[in-house]
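Structural characterization, general
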Amino acid sequence: MIHYIELAPGIRTPKGNFTFLYDATKQADLYQKCLDAEKVSKKYYNSCMNHLRSAMELLATDIELRHRLSLCGDSKSAELLAREIAEDIRTNHNPEGDGSSYNCKTILRHEIKRRSLRAEDLVNDYREFVSKGPAFLREKYEEGKVPRRYFTLINMVYDMYGYFSEGSHAAGHTTGESCEAMLRFFHDLASLLYDVPHTYQPHLCPIGDYFPIQKSLYKKLGFLDNIYVTETNGTVEYFLLKKAAGQMSRAQRRELDALKSLWKRSVDSPNNILLMQEPVGEDQYRCQVFSFPDRPIALTDSLLQTLTAAEKDELALGMLKGVASLHSMTPPLPHRGLNPESFYLCKNVYGIKPFIVSFETVKDLSSDAEYTMFDKVKKLGKDKLKQCFVAPEVLTRENDENLMKADIYSLGKLFLYLYTGNVLLAETSDERIPKDKRRLIEQMTATDPGSRPAISQVLQAFLEASARKPSYAICSVKGGRGEQEDAFYCSELEEHMGDDVLLGDTAQLPLILGVYDGLGGGENGQDMSLLAARKTASFCQNLLHYELDSYSQQLRTLTEQMAKEAEEYESREGLEDAGTTMAVAVLTRKRLHIVNVGDSRIYRIHANQMELISKDHRYVSRGLKKGELYQYIGMAQEESSIAPYIREEDYAPEDVILLCTDGFSEVVSEAETLEILGTPAPLEQKVLELVDKAAENGSKDNITVILYTRGNSDEQ
């Protein structure tokens, strides 16, 4: 879409202030010139005027075309009339026959006269136009060079075009303020000429290729601050722009000073801190740009309700890393004012990551710190909710020698908020807080700063707790097939299929995992594998809230219902020879429960030994059917009743459970699998390397692999 950026289904933001003009005219060139003028108005002032001059010429041509079409009816096409107008302008032929030259000013003059438009239709008072316009207008009207009676809409148009022309060439003639004023007046002129009421909104004006998001969308999108976007070939990227020049408050200067100091002193990129890009704009419009890896979301009560326990753990660890980045500077940069509004979160298929975005309260301990202020901290103390996150010694300014311990207190309160959703009433004994973190959070929120652990101790405790948690990793790619017919299921996720998927996270037990390989080719196979994955999801919802001693009956019922729904779908859609394999594992603290139909497999890796614990339902004897499946979801029940393979057994904490489709198992050997699994790499890296190995070995099929390990702790 030329004049909007799609941010989410049904949510779009306008590209500048002239979207109404494109809607009214469908003239892409005219809209683009207006947009180009806005994009350069904060830096390249002469270029802004040049674009506005071109826009006025295009606007006049479109106005004249509409007029001539109204006179000619269907006797001449729009294309022919457009050529006639261009020729009249080129030869200076005025069809009105009044002897004047023929150009965009003349065309607009005729239109204004035809419609009896007045200057008062554009501005309430001519002084508004004069005071906000360029210097030559103030000189022209305020010093009495031109009588007030000559201040008409026609003269305004002539003045505007003259200024656009002069400002295009004269260096230093144009300023940012006059660019903004001329953009506004041209916008209002276009709105008047096309009879489309529309209000100019300065905050919608882009800075270069960075487009501000309409403020009315902030609540829908979960934004709190000045979020900008860029769009390249349909890909939208998000940025935070912070004012870097002009009339800045002390808080704004403090924030920018801290950020620059952080990036200047960092040897490596700071963790969970926004990436600083090149600044944009000029003079008082100059802004520092910080980029997000994905669409940012504010940390709010409503968002917390949607997060899984694993995502909350991931957020807590990310917050820790961000504060650790501040504390690792020489000298350190204690924040002092951490609260939910200090962070934006980015969530995608790879996980959720918090970023510190507010630095107004940072205490820069370096000798060259220009802006170190306490006003913002005092303001936090007046907010009943936010003051809960600020350490007591910061608010009272007593016993505040070690401000890094104040950040530990704030982090502890943030963790309480993350896990319980209520920092005002939450206690560290709250059962919603993971057991392995309750004692730690209690220490972090101690009143005495000396009793709080250091950031390194907190970080180490979180890393050790994460390492003990059950974890999974999923990789699914199209591989050698043109269509993706593999699907997967994970009780921690909502999606079940993707052309190129790589996912990994910690998990809560019981955890249910599944892989499905569609049969029948193309959409038939895709439909059947997705049907099986979605059936697993709906059936297993009630199995996630508690652990059973045995899941045999539930897995058998799942298979039977899945087979019945698949057969009904085939009959309804008129499909033949379509179906899917399935291999599902239910993992509890000590037991492994599996079911499979077809040749998708489940392995258990223990003590560097790889054991196939599922069963292939393939013909192995010689003959025409060798290698074909004799059991699969979707097979005609009159041929053979479904007979799933079900198995239950104990497994050790260090065991790795591997689920895969035959795109992997047919081309990767046990030795190659064990070699990759034996490396100290993260689980996500291992699953990616396994899939890459299958592709390297010449797999002609879709490839899906899931890895799971319980870790070395039984505590959940």
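Along every chain, residues carry numbers that run from 1 in the direction the sequence is written. In keeping with the model being predicted, local features are shown solely for residues with a pLDDT of at least 70 and side-chain atom pairs are shown and tallied solely at 80 or more, while totals for entire chains, interfaces and linings include all residues. The basis for the side-chain values is all heavy atoms of the structure; hydrogens and waters are excluded.

**Notes on the overall build of the chain**
The helix count covers DSSP runs of H or I at least four residues long, the strand count covers runs of E at least two residues long, and both are numbered beginning at the N terminus. Within the chain, the secondary structure is distributed over 23 helices and 22 strands. Think of it in three bands: residues with accessible area under 20% of the maximum for their type are buried, residues over 50% are exposed, and the middle band is partly exposed, with areas taken using a 1.4 Å probe on protein chains only. A buried classification covers 53% of the 716 residues belonging to the chain. Pairs at least 24 residues apart make up 67% of the contacts formed inside the chain by residues separated by at least 6 positions. A 1.4 Å probe and the Shrake-Rupley method give the accessible areas. Residues count as covered only by the protein chains that appear here. Here the chain displays about 32,200 Å² of accessible surface, and carbon together with sulfur accounts for 46% of that area. Throughout, a residue-residue contact means that at least one pair of heavy atoms, one from each residue, lies within 4.5 Å.

**Examining the sheet that holds strand β21 (residues 656-660)**
What the six strands build is an open sheet, ordered β13-β11-β22-β21-β18-β19; its pairing is antiparallel. Unpaired on one side and paired on the other, β13 (500-506) and β19 (609-612) mark the two borders of the sheet. Neighbour-to-neighbour, the strand axes of this sheet turn through a mean angle of 15°, independent of strand direction. Whether two strands pair depends on DSSP finding at least two bridges between them. In this structure, strand β11 (residues 471-477) lies alongside strand β22 (residues 703-709), joined through seven bridges in antiparallel fashion. In the strand pairing of β22, Ser 476 is matched with Thr 704. Fitted lines through C-alpha atoms give the axes, limited to the stretch in contact for helices. The angle between two N-to-C directions lies from 0 to 180 degrees. With respect to the sheet, helix α22 (residues 670-677) is in contact with β18 (601-606), β19, β21 and β22, its orientation differing from that of β19 by roughly 125°. The strands touched by helix α23 (residues 683-696) are β11, β13, β21 and β22; relative to β22, the strand with the most contacts, the crossing angle is about 150°.

**Thoughts on the packing of aromatic side chains**
We call Phe, Tyr and Trp rings a pair once their centres come within 6.5 Å, taking the six-membered ring for Trp, and we label the pair stacked below 30 degrees between planes, edge-to-face above 60, and tilted otherwise. This structure, assessed with the given rule, holds 14 aromatic pairs. One aromatic cluster is present, built from ring pairs that chain together Tyr 218, Phe 223, Tyr 238, Phe 292, Tyr 344 and Phe 355. Look at NZ for Lys and CZ for Arg. If either is within 6 Å of the ring centre and within 35 degrees of the ring normal, a charge sits over the ring. The lysine or arginine in question, Lys 437, covers the ring of Phe 462, its NZ or CZ lying 5.1 Å from the ring centre. Above the plane of the ring of Tyr 651 lies Arg 710, whose end atom (NZ or CZ) is 5.3 Å from the centre.

**Re unusual backbone geometry**
For the peptide bond that leads from Leu 509 to Pro 510, omega is 0°, which places it in the cis range. Relative to the helices and strands, Pro 510 resides in the loop between β13 and β14 (511-519). One non-glycine residue, Lys 26, adopts positive backbone phi at about 60°. As for its placement among the helices and strands, Lys 26 is situated in the loop between α1 (19-25) and α2 (28-40). Notably, Ser 116 is not glycine yet its phi reads approximately 55°, a positive angle. Here Ser 116 is to be found in the loop between α5 (104-115) and α6 (126-132). Of the residues examined, Ser 116 reaches a relative accessible area of 57% and is grouped as exposed.

**Details of empty space enclosed by the protein**
Only protein atoms enter the 1 Å grid, on which a cavity is a set of points fitting a 1.4 Å probe that cannot get out and a pocket is an open set with protein on both sides within 12 Å along at least 5 of 7 lines, lining residues being those with an atom within 4 Å of a point. Grid points are joined across faces, edges and corners, and a volume is the space filled by probe spheres set on the points. Counted under the stated rule, the structure contains one cavity of 30 Å³ or more. Reported here for the largest cavity is a volume of approximately 30 Å³. The wall of the largest cavity is formed by Glu 64, Pro 95, Glu 96, Tyr 102, Ile 107 and His 110. In this count, Pro and Cys sit with the nonpolar residues alongside Ala, Val, Leu, Ile, Met, Phe, Trp and Tyr, while Asp, Glu, Lys and Arg are called charged and the others, Gly among them, polar. For the lining of the largest cavity, a count of residues per class yields three nonpolar, one polar and two charged.

**Some details on the sheet that holds strand β3 (residues 211-212)**
In space, the five strands of this open sheet follow the order β3-β4-β5-β7-β6, with antiparallel pairing throughout. Strands at the two margins of the open sheet, each flanked by one partner only, are β3 and β6 (275-276).

**A closer look at the pattern of salt bridges**
Two side chains bearing opposite charge may form a pair once their charged atoms approach each other closely. What makes a salt bridge here is a side-chain nitrogen of Lys or Arg within 4 Å of a carboxyl oxygen of Asp or Glu, nothing more. If you walk through the whole model with that rule in mind, you get 31 salt bridges. Residue Arg 601 pairs with Asp 616 through a salt bridge whose shortest N-O separation is 2.5 Å. Here Arg 601, found in strand β18, pairs with Asp 616, found in the loop between β19 and β20 (645-650); they are 15 residues apart in sequence, far enough to count as distant. For Arg 604, the salt bridge goes to Asp 655, with nearest N and O atoms at 3.0 Å.

**Topic: the environment of Gly 318**
Among the secondary structure elements, Gly 318 is positioned in helix α13 (residues 309-327). A residue is classified by how much of its surface remains accessible, and Gly 318, at 5% relative accessible area, is buried. In the structure, Gly 318 is positioned 27 residues away from Leu 345 in sequence and 9.8 Å away in space, judged by C-alpha atoms. The contact partners of Gly 318, leaving out residues within four places of it in the chain, are Asn 272 and Pro 354.

**A look at the environment of Ala 60**
With respect to the secondary-structure elements, Ala 60 resides in helix α3 (residues 45-72). Taking relative accessible area as the criterion, Ala 60 reaches 0% and is therefore assigned buried. Put simply, Ala 60 and Leu 193 are 133 residues apart on the chain and 9.8 Å apart in space, counted from C-alpha to C-alpha. The contacts of Ala 60, once residues within four sequence positions are left out, are Cys 104, Ile 107 and Leu 108.

**Here we look at the side chain of Asp 88**
When you line up the elements, Asp 88 lands in helix α4 (residues 78-91). With near-sequence residues (within four places) excluded, Asp 88 lies in contact with Arg 68, His 93, Pro 95 and Tyr 102.

**A few points about a nonpolar patch on the surface**
Candidates for patches are residues over 30% relative accessible area with no salt bridge; among them, like charges are joined within 9 Å and nonpolar side chains (Val, Leu, Ile, Met, Phe, Trp, Tyr) within 5 Å. On the surface, Leu 385, Leu 424 and Leu 425 cluster together into a nonpolar patch covering about 320 Å² of accessible area. With respect to the secondary-structure elements, Leu 424 resides in the loop between α16 (403-420) and α17 (435-444). On the accessibility criterion, Leu 424 (47% relative accessible area) is partly exposed.

**Remarks on the packing of helix α8 (residues 153-169) against helix α9 (residues 176-193)**
Put simply, α8 and α9 touch, their axes get as near as 12 Å, and they point 135° apart. Taken together, the axis directions place α8 and α9 in an arrangement best described as oblique. With respect to the hand of their crossing, α8 and α9 are arranged in left-handed fashion. The segment α8 lies against α9, with Leu 153, Val 157, Met 160, Tyr 163 and Phe 164 engaging Ser 178, Met 182, Phe 185, Phe 186, Leu 189 and Leu 192. Across the contact of α8 with α9, the residue classes break down as 10 nonpolar, one polar and no charged. Here the word oblique covers every angle except those under 35 degrees (roughly parallel), over 145 (roughly antiparallel) and from 65 to 115 (roughly perpendicular). What makes a crossing left-handed is the near helix being turned counterclockwise from the far one by less than a right angle; a clockwise turn instead makes it right-handed.

**Let's talk about the nonpolar core**
Put simply, a nonpolar core is a bunch of buried Ala, Val, Leu, Ile, Met, Phe, Trp, Tyr and Cys residues held in one set by side-chain atoms that sit within 4.5 Å of each other. Ranked by size, the top nonpolar core spans 73 residues in total, and within it Met 56, Phe 186 and Ile 213 carry the most contacts. Looking at which element gives the most residues to this core, the answer is α9, with 10 residues. Look past the residues within four positions of Met 56 in its chain and what remains in contact with it is Cys 104, Leu 108, Val 157, Met 160, Tyr 161, Phe 164, Phe 186 and Leu 189. Membership of the second largest hydrophobic core comes to 43 residues, among which are Leu 303, Met 319, Cys 388 and Tyr 419.

**Observations concerning the state of the cysteines**
By definition, disulfides here are pairs of cysteine sulfur atoms that lie within 2.5 Å. What the rule picks out here adds up to zero disulfides. Cys 48 supplies the cysteine sulfur nearest to Cys 179, a cysteine that is in no disulfide, at a spacing of 3.8 Å.

**Observations concerning the confidence of the model for the chain**
It should be kept in mind that the predicted coordinates are not to be read in detail where pLDDT is low. One confidence number per residue, pLDDT, is output by the predictor and ranges from 0 to 100. Confidence along the chain averages 85 in pLDDT terms, with 86% of residues attaining 70 or more. In the predicted structure, residues 265-269 sits below a pLDDT of 50 and forms eight contacts with residues beyond four places in sequence or in another chain. Confidence over residues 367-373 falls short of pLDDT 50; this stretch has 16 contacts with residues more than four positions distant or in other chains.

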